[in-house]
Amino acid sequence: MKLTEKQKDCFYCHFEQGELGLELTTHDGNKANLFKNPDGYYLGVWNTHHHKFIEEINIDYCPKCGRPLNEEEE
Ligand SMILES: [Zn+2]
């Protein structure tokens, strides 16, 4: 797939494993981050008040630029 310039330069989905990408803060102060595992990309949600991990979901497309995250970049 051909990526647009916006997708190639997207700050939110270009990062290494161990780093965090896109970060969102929910209305009640919890945080969600895009992160990378060997088997793909995930959006993880943390309870920042109790420092606990709440849940994670597998993500196929960058929520910001729409880049397919599980395809090799050309
Ligand atoms: Zn992106």
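So, a few notes on the structure that sits alongside this text. (Residues numbered from 1 in each chain as written. Predicted model: local features only at pLDDT ≥ 70, side-chain atom pairs only at ≥ 80, totals over all residues. Heavy atoms only, no water.)

All right, on to the side chain of Gln7 then. Checked against the element boundaries, Gln7 lands in helix H1 (residues 5-8). In this structure Gln7 comes out as buried when scored by relative accessible area, which is 8%. Gln7 has contacts with Met1, Lys2, His14, Cys65, Gly66 and Arg67, leaving out every residue within four places of it along the chain. (Helix = DSSP H or I, 4+ residues; strand = E, 2+ residues; numbered from the N terminus. Buried < 20%, exposed > 50% of the residue type's maximum accessible area, 1.4 Å probe, protein only. Contact = heavy atoms within 4.5 Å.)

Let us look at the coordination of the zinc ion. Listed as protein donors to the zinc ion are Cys10 (SG), Cys13 (SG), Cys62 (SG) and Cys65 (SG); their distances from the metal cover 2.3 to 2.4 Å. One way to put it: the four donor atoms around the zinc ion meet at angles of 106 to 118°, and that makes the site tetrahedral. Expressed as a motif, the donor residue spacing for the zinc ion is C-x2-C-x48-C-x2-C. Taken together, the residues Cys10 in the loop between H1 and strand E1 (23-25) and Cys62 in the segment after strand E4 (52-59) connect sequence positions 52 residues apart. Given the relative accessible area of 3%, Cys62 is considered buried. (Donors = N, O, S within 2.8 Å, 3.2 Å for Na, K, Ca; no water. Tetrahedral: all angles 85-135°; square planar, octahedral: opposite > 155°, others 65-115°.)

This paragraph deals with unusual backbone geometry. A positive phi angle, close to 50°, is found at His51, a residue other than glycine. Along the chain, His51 turns up in the loop between strand E3 (40-47) and E4. Residue class for His51 comes out exposed when judged on its relative accessible area of 73%.

Reading across the sheet, the four strands line up as E1-E2-E3-E4 and stay open at both edges, with antiparallel pairing between neighbours. Whereas interior strands pair on both sides, the edge strands pair on one side only; in this sheet they are E1 and E4. Averaged over all pairs of adjacent strands, the angle between strand axes in this sheet comes to 25°, irrespective of strand direction. As paired strands, E1 and strand E2 (residues 31-37) are joined by three bridges and run antiparallel to one another. Bridge pairing in E2 places Glu23 opposite Asn33. (Pairing = 2+ DSSP bridges. Axes fitted to C-alpha atoms, helices over the stretch in contact; angles between N-to-C directions.)

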